[in-house]
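Next come the chains, spelled out residue by residue.
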Amino acid sequence: MNDHPELAAAADAALAYLRELPARRVAPDADALAAMDAYSPMLPDQGCAPEDAVRELAALAGPATVATAGPRFFGYVTGGAVPATVGANWLAAAWDQAAADYRLSPAAVRLEQVTGAWLLDLLRLPQDCAVNYVTGTTMASFVGLAAARSEICDRQGWDVAALGLAGAPPIRIVAGADAHPTLFKALSMLGLGSRSAILVDVDDQGRMLADALPELGPDTIVCVQAGNVNSGGFDPLEAICAKACAAGAWVHVNGAFGLVAAASPAHATQLAGHDLADSWAVDGHKWLNTPYDCGVAICRHPKALRRAFGYQAAYLEDDLRNPRHQIPELSRRARSFEMWAALRSLGREGVRDIVERNCAQARTMASGLQALGLRILNDVVLNQVIATTGSADRDRAIAADVTASGVAWFSTTNWRRNTAIRFSFSSWATRDEDIDLTLGAIAVALERTAETFA
Ligand SMILES: *Cc1c(COP(=O)(O)O)cnc(C)c1O
């Protein structure tokens, strides 16, 4: 009996995709992109059988996907999706739960609480912090900074949620000169201004210099970074948090991927002092290898969160523990099912293993690149490698050549005013042999470009 042919069709297509994933091209080829022209721009008047819709989706969109879930995508920091999370995602879709409030989805909200406690344990953060799910680190930073804004204004007797920013007490923002651009986007969305931050000098790894901090006070939000998106370097959290605590300033940590280093005793030392901050942003969809999208907003001050995001509606229950009082959204998908499946299937040891394997792979890649004659531009302290052939154009040509080959995918970046190629290791699916395959493709690209850049 098959009473849900569309699910059978989806399972068949997904299984075929996942089976082929380690061997398939990473970037789609031109044919796959051109085939999507078969998608009609006209809204169909008539519907079709659900299984036909699923099959059409799989046939045209599947080949045009980028294999970010596979083992050789090293661009950005994407992670993959550990198998249990894909299963959880299917269930979550079948259940179609809205994680707005306990009465609407006791299961989703309960698992937010369970995984929240697990995450605090894994990330070595105080157990009494509030943990909330949002789309990603951009929004998790928005949430942390909104709580900070609320707290600073409240201390001056100003209800910023009700009165707005016009006439509000001044708020000083301090950030590293190499802070991730999404931090400035969050500041801009909050009306705090993307260019209002006092930028602190950084060292050659993009880490804030604690000695270069300006005067801090109770009106200050210090935005620090655990895991520079290029170098993987950590701001000196302990020194900065100590100064901020003494001054009564709020510390927000952008730890999109780097905070997950806490799961590895060998790497957690780089994070020392991170638990003294006030708010943290981390992604599930990066190093924790849940499917997109999943960001986690963690905050030590639940009252500040509720001041920023709490609201009443006559038709909604007034339970202040409901997630909707601590984040921007009301309706949203139940990300806690996937996070639960990730942490349940991996356990503490499984997460540690991914972190340590990826960091070792970064070191292997760095020595392999050196053996091919490239120069490594960062201290490979985590999962990031930045390298150059010495020529910006050749670096770009190598990245384009390997992407076109389909073997692997990595990007170029701008590091200390130089173009360089950049690798991120954050996927559970990356095997050590994938480093060899990628180095092989780079060797071919170096040969192909040798004459042009002689
Ligand atoms: C990925 C990333 C972000 C943005 O996170 P999203 O989940 O894409 O919103 C911010 N900061 C750092 C360091 C990142 O790696």
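Rules used in this analysis
Residues numbered from 1 in each chain as written. Predicted model: local features only at pLDDT ≥ 70, side-chain atom pairs only at ≥ 80, totals over all residues. Heavy atoms only, no water. UniProt positions renumbered as here; feature names shortened; annotations may be inferred. Helix = DSSP H or I, 4+ residues; strand = E, 2+ residues; numbered from the N terminus. Buried < 20%, exposed > 50% of the residue type's maximum accessible area, 1.4 Å probe, protein only. Contact = heavy atoms within 4.5 Å. Polar contact = N/O pair within 3.5 Å; in protein donor to acceptor, adjacent residues only side chain to side chain. Pairing = 2+ DSSP bridges. Axes fitted to C-alpha atoms, helices over the stretch in contact; angles between N-to-C directions. Domains from an automatic or database assignment. Near = heavy atom within 4 Å. Nonpolar A, V, L, I, M, F, W, Y, C, P; charged D, E, K, R; others polar. Parallel < 35°, antiparallel > 145°, perpendicular 65-115°, else oblique. Left-handed = near helix turned anticlockwise from the far one by under 90°. Expected span 1.5 Å × (residues − 1). Core = buried A, V, L, I, M, F, W, Y, C linked by side-chain atoms within 4.5 Å. Salt bridge = Lys/Arg side-chain N within 4 Å of Asp/Glu carboxyl O. 1 Å grid on protein atoms, 1.4 Å probe; cavity = no way out; pocket = protein on both sides within 12 Å on 5 of 7 lines; lining within 4 Å. Points joined across faces, edges and corners; volume = space filled by probe spheres on them. Phe/Tyr/Trp six-rings, centres within 6.5 Å; stacked < 30°, edge-to-face > 60°. Lys NZ or Arg CZ within 6 Å of the ring centre and 35° of its normal.

Under an unreviewed UniProt entry, the chain has the name Aspartate aminotransferase family protein and belongs to Sphingomonas panacisoli.

Participant: Before we move on, could you go through the UniProt feature "modified residue: N6-(pyridoxal phosphate)lysine" (unreviewed entry) in the chain and cite the residues and values that matter?
Facilitator: The positions UniProt marks with the feature "modified residue: N6-(pyridoxal phosphate)lysine" (unreviewed entry) are Lys286. Mapped onto the fold, Lys286 is located in the loop between β6 (279–283) and β7 (295–299). Of the residues examined, Lys286 reaches a relative accessible area of 16% and is grouped as buried. Beyond its immediate sequence surroundings of up to four residues, Lys286 is in contact with Val77, Thr78, Gly79, Ala256, Phe257 and Ser426. A distance of 3.4 Å separates the side chain of Lys286 from the side chain of Asp283, its partner in a polar contact.

Participant: Mind laying out the sheet that holds strand β2 (residues 172–176), listing which residues take part and the relevant values?
Facilitator: Reading across from one edge, β1-β7-β6-β5-β4-β2-β3 is the order of the 7 strands in this open sheet, with mixed pairing throughout. The strands lining the two open edges of the sheet, one partner per strand, are β1 (130–134) and β3 (198–200). Taking the axes of each pair of neighbouring strands and ignoring which way they run, one obtains an average angle of 20 degrees across the sheet. For β2 and β3, the ladder comprises 3 bridges, and the chain directions are parallel. Bridge pairing links Gly176 to Val200 in β3.

Participant: Any chance you could break down the sheet that holds strand β11 (residues 418–424) for me, citing the residues and the numbers?
Facilitator: Taken together, 4 strands build an open sheet; the order of strands is β8-β9-β11-β10 and the sheet is antiparallel. The open sheet is flanked by β8 (375–376) and β10 (411–415), the only strands paired with a single partner. Bridge count for β8 against strand β9 (residues 384–388) is 2 bridges, and the pairing is antiparallel. Along β9, the bridge assignment pairs Arg375 with Thr388. With respect to the sheet, helix α12 (residues 335–371) is in contact with β8, β9 and β11, its orientation differing from that of β9 by roughly 10 degrees.

Participant: Please set out the domain arrangement of the chain residue by residue, giving values where relevant.
Facilitator: For the chain, the assigned domains are domain 1 (5–67) and domain 2 (87–342). Here domain 1 and domain 2 have C-alpha centroids that lie 36 Å from each other.

Participant: Can you explain the site of the ligand? Please cite residues and give values.
Facilitator: With respect to spatial proximity, 13 residues lie near the ligand, and among them Thr137, Thr138, Asn254, Asp283 and Lys286 are the closest. Within the backbone of Thr137, one N or O atom sits 2.9 Å away from an oxygen atom of the ligand. Between the ligand and the protein, one listed contact pairs an oxygen atom with a side-chain N or O atom of Asp283 at 2.7 Å. Here the residues of the shell around the ligand sort into 3 nonpolar, 8 polar and 2 charged.

Participant: Account for the packing of helix α6 (residues 137–155) against helix α8 (residues 181–189), with residues named and values stated.
Facilitator: Angle between the axes and distance between the axes are the two parameters that describe a pair of packed helices. As a packed pair, α6 and α8 sit with axes 9 Å apart at the nearest point and diverge in direction by 50 degrees. With respect to α8, the axis of α6 lies oblique. Of the two elements, α6 crosses α8, and the hand of that crossing is right-handed. Where α6 abuts α8, its residues Thr138, Met139, Ser141, Phe142 and Leu145 lie against Thr182, Leu183, Lys185, Ala186, Leu187 and Met189. Among the residues forming the contact of α6 with α8, the class breakdown is 7 nonpolar, 3 polar and 1 charged.

Participant: Lay out α6 with the relevant residues and their values.
Facilitator: Helix length check: α6, at 19 residues, gives a terminal C-alpha distance of 27 Å against a target of 27 Å (1.5 Å per residue), a fit within 8%. Judged by how many residues are buried, α6 sits mostly within the fold: 16 of 19 residues are covered. Looking one or two residues past α6, Gly157 carries a phi angle of roughly 75 degrees, positive in sign.

Participant: With reference to specific residues and values, describe the nonpolar core.
Facilitator: By size, the foremost hydrophobic cluster in this structure holds 51 residues, and its most contacted members are Val222, Leu259 and Ile298. Looking at this core, the elements with two or more residues in it are α5 (106–122), β1, β4 (220–225), α9 (237–247), β5 (250–254), β6, β7 and α12. If one sorts the elements of this core by residue count, α12 sits on top with 7 residues.

Participant: Residues and numbers for the pattern of salt bridges, please.
Facilitator: Tallying each qualifying case throughout the model produces 20 salt bridges. Between Asp154 and Arg307 there is a salt bridge, with its nearest N and O atoms 3.5 Å apart. Taken together, the residues span a long stretch of sequence, with Asp154 in helix α6 and Arg307 in helix α11 (residues 302–309) at a distance of 153 residues. On the basis of relative accessible area, Asp154 is assigned to the partly exposed category, the value being 35%. The closest approach of N and O atoms between Asp293 and Arg335, which form a salt bridge, is 3.0 Å. Remark: Arg335 occurs in helix α12 and Asp293 occurs in the loop between β6 and β7; sequence separation between them is 42 residues. Bridged by salt links that share partners, the residues Arg72, Arg431, Glu433 and Asp434 form one connected network.

Participant: So what's going on with empty space enclosed by the protein? Which residues, and what values?
Facilitator: Taken as a whole, this structure holds 1 cavity of 30 Å³ or more when the rule is applied. When its volume is computed, the largest cavity comes out at roughly 30 Å³. Lining of the largest cavity is provided by Ala179, His180, Leu183, Cys223, Val224, Gln225 and Asn254. Here the lining of the largest cavity gets 3 residues from one element, more than from any other, and that element is β4. Counted by class, the lining of the largest cavity contains 4 nonpolar, 3 polar and no charged residues.

Participant: Any chance you could break down the packing of aromatic side chains for me, citing the residues and the numbers?
Facilitator: The tally for this structure, following the rule as stated, stands at 9 aromatic pairs. Taken together, the ring pairs in this structure connect Phe74, Phe410, Phe423 and Phe425 into an aromatic cluster. Here the guanidinium or amino end of Arg324 rests over the ring plane of Tyr311, the centre of that ring lying 5.4 Å away. Of note, Arg416 hangs over the ring of Trp415, and the distance from its end group to the ring centre comes to 4.6 Å.

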